[in-house]
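# Understanding the architecture of this molecule
Given next are the chains, with one letter for each unit.
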Amino acid sequence: MADKVRLTSTCNTSSWGESSSSSSSSSSSQQRHCATIVGDTVIDLGMLEEASLFDAATSLTPNTFRGQTTLNIFIAQPKPVWTAVRRCLVELLANDGSDPRLQQNQPLQQAAFYPYDNTVTMHLPMEIQEYTDFYSSREHATNVGIMFRGKDNALQPNWLHLPVGYHGRASTVQVSGHSFHRPRGQLQTNPADASQGSTFGPCRLLDFELEIGTVVGGPPNPLGRAMTLEQAKDRIFGFVLLNDWSARDIQKFEYVPLGPFTSKNFCTTISPWIVPTDALEPFRAATSAGSQSDPVPLPYLNDPSYSSYDVDLFVSILTQQNPTQPHVICKSNFRNLYWNCAQQLVHHSITGCTMNPGDLLGSGTISGSTPDSFGSMLEQSWKGTKEVPLGNGETRKFLRDGDTVIVHGKGSSDLGRVGFGEARATILPPTEQSAGQVPTTTERFTNVKLYGFGRSSSTWRVRIALEAKSIPYETVSIDLDQAENQTPEYLSKNPLGQVPMLECLDSETQQTVRLSQSTAIIDFLEDAFPHRWRLFPSDAVDKAMAKQFVEIVNSGTQPLQNRNYLARLEKLSEGKITVTEEAQRVIERGLSALEVVVKQKKASQKGPYCMGTFCPTIVDVFMVPQLANARRYGLSVDSLFPLLVKIDQTCSTHPWFVKSKAD
């Protein structure tokens, strides 16, 4: 392991992230995993938690990483938990760490470690609740102010008194490696006279903005209760690289009087790895301003340990003519902020605004004092008045289609190094899609086939579920009377030889998924098609109760009414127990119990179905085929189960049951 992962207790390079990983030597399905990265190795945090390697972090919420697709549960926990988990990782991964359990467990390493290459696909590390962008670099604000208002009025009167910001769109924050289309919008017809109105068209002055994103963590502050500066510092989980793309010409016409809107809402790119605040402590440094003395901030903003971090930031551009050698056009530093990230966060909350875990705060463009440190094309080209060389003979004033912008960052000191990875995105031509056209949803699971037998009540359950969810499927008949379920071909797919069996294609992995057992199949359909009609109630108690009712049929009755089992029982008892009599007995017993619990449930509900709802649920999906079994074996259902018969009559006209009934 020491050759695979190198992390000393002073290097502190681990970052939090979330990845989708699969090994080329594994045939398992691609799934999203919470992960950390050390050097060039991605480590599945869920696997480490499953192996109880975070047991020293005693306050860690169970299943923080295991089975999770984002880091939100971890981010929402208090700062001491973040620190404890990070300490566990250091002790597990460092060559001289005090916890050897991971280093001595080769099978766990093989399951949890992935090389950081094309076998790993990165995703957004958290579900972003809200996104706010600030304007906190004095150098950047001064440059922009000089361009538009002149040197004497470069900073607006409020700028030195508070962190200026605006609300962005969390829905368009994308993870590094994506592409996006050049936005369209309203462009001022006469650049010198807004009163002449606008035309509609693609943005001509597309720009990047070099920023750092602050990831808010910890329990949310109650509505109406502002944070203190020290509380805000404890709420900063970590940092990502951020590129807040800007359509300068669209912004020009729309920003008065409320600031940017559509010129900023179309795309923001972040790096996939969140660098924890603890990892940046060795790099804490004075801001480029040094101090805030003229004016001194109001008490709630006045930071006694006013500082930022010494992290070098770079912006490079790849072009279609030069797609392999990125040219660095900007070299800035995280120190170039007048308002630091804690001040931004405390100001955001000062009105009593609730700040939730997963909220993202953009720092604003981070520019330095020299032209090669300007963090946007607006500044680099000085409002389009000069060309910016790209090193291969090409120049730019603003960005062109096909350009790829790469933001990356790193810190180094006597105590170690830290890498942020990169935030990369490519500009595509504008789309021709007109307003009102909505892209269709692409299903992950396609080519659904249902293998079943016409008289099988278990098969009927799945047909009802497929109809309820409007999932197209192909029926493959398996004739149990002809023992087609015992053929080598079918047994190779379903070793138990039972029906039903569901088969589908996972479009993400191109693997065939095969499932048997009706309850497992319907559970899969609930999870795999979450945007379609759900058969289980959402309330926890109702959901558990529905499962209880279902199991009266599925496990309490179904195995005992199996015809092969009953025939064997009749044979072994030498005819003392007959198929029909025993089937009647177990079915009557099960449906009598179901009649009682359904009656109890419906006593407090007004709907016509088993759970007292106004639409069928999973209970009706199991009850109706079972009542058909009772009729098949000659039970007097009308007198024995009057309530279930009444519900069955209601279901008989419902489209799900009409369409799914076997011919």
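Going by the structure above, here's the rest.
Quick look at the structure, then.

## Observations concerning the overall build of the protein
- Counting its secondary structure elements, the protein contains 20 helices and 30 strands.
- For the protein, the spread of C-alpha atoms along the principal axes amounts to about 105 × 70 × 55 Å.
- Taking as baseline every contact in the protein between residues at least 6 positions apart, the subset at least 24 positions apart corresponds to 70%.
- As displayed, the protein offers around 30700 Å² of accessible surface, 51% of which is attributable to carbon and sulfur atoms.

## Things to note about the side chain of threonine 617
- Examined against the element boundaries, threonine 617 turns out to sit in the loop between α16 (579–602) and α17 (618–632).
- On the accessibility criterion, threonine 617 (6% relative accessible area) is buried.
- If near-sequence neighbours (up to four positions away) are discounted, threonine 617 is found in contact with Leu535 and Met611.

## Some points on empty space enclosed by the protein
- Counted by the stated rule, this structure contains one cavity of 30 Å³ or more.
- Estimated volume of the largest cavity: approximately 70 Å³.
- Trp82, Phe237, Pro276, Thr277 and Asp278 are, among the ten residues lining the largest cavity, the residues nearest its centre.
- In terms of residue count, helix α3 (residues 79–93) provides more of the lining of the largest cavity than any other element does, four residues in total.
- Its residues placed into classes, the lining of the largest cavity shows five nonpolar, two polar and three charged.

## Examining the sheet that holds strand β28 (residues 474–477)
- If you walk across this open sheet you meet the four strands as β28-β27-β29-β30, and the pairing is mixed. The sheet is open, and its two edges are formed by β28 and β30 (511–516), each paired on a single side. With direction set aside, neighbouring strand axes in the sheet form an average angle of 20 degrees.
- Bridge count between strand β27 (residues 445–452) and strand β29 (residues 501–506): five bridges; the pairing is antiparallel. For tyrosine 451, the partnering residue across the bridge sits in β29 and is methionine 501.

## A short note on the pattern of salt bridges
- Tallying each qualifying case throughout the model produces 25 salt bridges.
- In this structure, the salt-bridge partner of glutamate 50 is arginine 66, at a minimum N-O distance of 3.5 Å. Here glutamate 50 is found in helix α1 (residues 45–50), whereas its partner arginine 66 is found in the loop between α1 and α2 (72–75), with 16 residues between them in sequence.
- Lysine 79 is the salt-bridge partner of aspartate 234, the closest N and O atoms lying 3.7 Å from each other. Of this pair, aspartate 234 sits in helix α6 (residues 229–234) while lysine 79 sits in helix α3, and the two are 155 residues apart along the sequence.
- Taking relative accessible area as the criterion, lysine 79 reaches 25% and is therefore assigned partly exposed.
- A single salt-bridge network, built from bridges that share partners, covers Asp207, Glu209, Asp244, Arg248 and Lys264.

## Describing the layout of surface pockets
- Approximately 1300 Å³ is the volume attributed to the largest pocket.
- Around the largest pocket, the lining is made up of 46 residues, and of these Val144, Phe148, Gln251, Tyr255 and Pro260 lie nearest the centre.
- Mapped by element, the contributors of at least two residues to the lining of the largest pocket are β6 (131–134), α5 (138–149), β7 (165–167), β10 (184–190) and α7 (248–254).
- With six residues, α5 is the largest single contributor of residues to the lining of the largest pocket.
- The residue inventory of the lining of the largest pocket, partitioned by class, reads 21 nonpolar, 14 polar and eleven charged.
- If you add up the space inside the second largest pocket, you get close to 950 Å³.
- Among the secondary structure elements, those contributing two or more residues to the lining of the second largest pocket are α11 (457–468), α13 (518–528), α15 (563–572) and α17.
- With three residues, α11 is the single largest residue contributor to the lining of the second largest pocket.

## Some points on the nonpolar core
- Within the largest apolar cluster, 62 residues are counted, with the highest numbers of intra-cluster contacts made by Phe239, Trp245, Leu280 and Phe334.
- Among all residues touching phenylalanine 239, those that are not within four sequence positions of it are Ile212, Gly213, Thr214, Trp273, Ile274, Val275, Thr277, Leu280, Tyr309, Phe334, Cys341 and Phe420.
- By size, the runner-up hydrophobic cluster in this structure holds 58 residues, among which are Val550, Tyr609, Phe641 and Trp656.

## Description of the pairing of β6
- The side-chain alternation of β6 yields two buried faces, one formed by Tyr131 and Asp133 and the other by Thr132 and Phe134.
- Bridge count for β6 against strand β22 (residues 360–362) is three bridges, and the pairing is parallel. Across the sheet, residue tyrosine 131 finds its bridge partner in β22, namely leucine 360.
- Bridge count for β6 against β7 is three bridges, and the pairing is antiparallel. Within the sheet, the bridge partner assigned to threonine 132 lies in β7 and is histidine 167.

## With respect to the packing of α15 against α16
- At a closest axis distance of 9 Å, the pairing of α15 and α16 adopts a crossing angle of 125 degrees. Accordingly, the angle class assigned to the pair α15 and α16 is oblique. α16 is crossed by α15, and the crossing has right-handed handedness. Along its contact with α15, which presents Arg563, Leu566, Ala567, Leu569 and Glu570, the element α16 presents Val579, Glu582 and Ala583.
- For the contact of α15 with α16, the residue count by class is five nonpolar, no polar and three charged.

## Some words on the packing of helix α14 (residues 540–554) against α17
- The geometry of α14 relative to α17 is characterised by a closest axis approach of 9 Å and an angle of 20 degrees between their N-to-C directions. With respect to each other, α14 and α17 are oriented roughly parallel. When you trace α14 past α17, the crossing you get is left-handed. Contacts between α14 and α17 pair Ala546, Phe549, Val550, Val553 and Asn554 from the former with Ile618, Val619, Phe622 and Gln626 from the latter.

Conventions we followed
- Residues numbered from 1 in each chain as written.
- Predicted model: local features only at pLDDT ≥ 70, side-chain atom pairs only at ≥ 80, totals over all residues.
- Heavy atoms only, no water.
- Helix = DSSP H or I, 4+ residues; strand = E, 2+ residues; numbered from the N terminus.
- Contact = heavy atoms within 4.5 Å.
- Areas by Shrake-Rupley, 256 points an atom, 1.4 Å probe, with all protein chains shown as cover.
- Buried < 20%, exposed > 50% of the residue type's maximum accessible area, 1.4 Å probe, protein only.
- 1 Å grid on protein atoms, 1.4 Å probe; cavity = no way out; pocket = protein on both sides within 12 Å on 5 of 7 lines; lining within 4 Å.
- Points joined across faces, edges and corners; volume = space filled by probe spheres on them.
- Nonpolar A, V, L, I, M, F, W, Y, C, P; charged D, E, K, R; others polar.
- Pairing = 2+ DSSP bridges.
- Axes fitted to C-alpha atoms, helices over the stretch in contact; angles between N-to-C directions.
- Salt bridge = Lys/Arg side-chain N within 4 Å of Asp/Glu carboxyl O.
- Core = buried A, V, L, I, M, F, W, Y, C linked by side-chain atoms within 4.5 Å.
- Parallel < 35°, antiparallel > 145°, perpendicular 65-115°, else oblique.
- Left-handed = near helix turned anticlockwise from the far one by under 90°.

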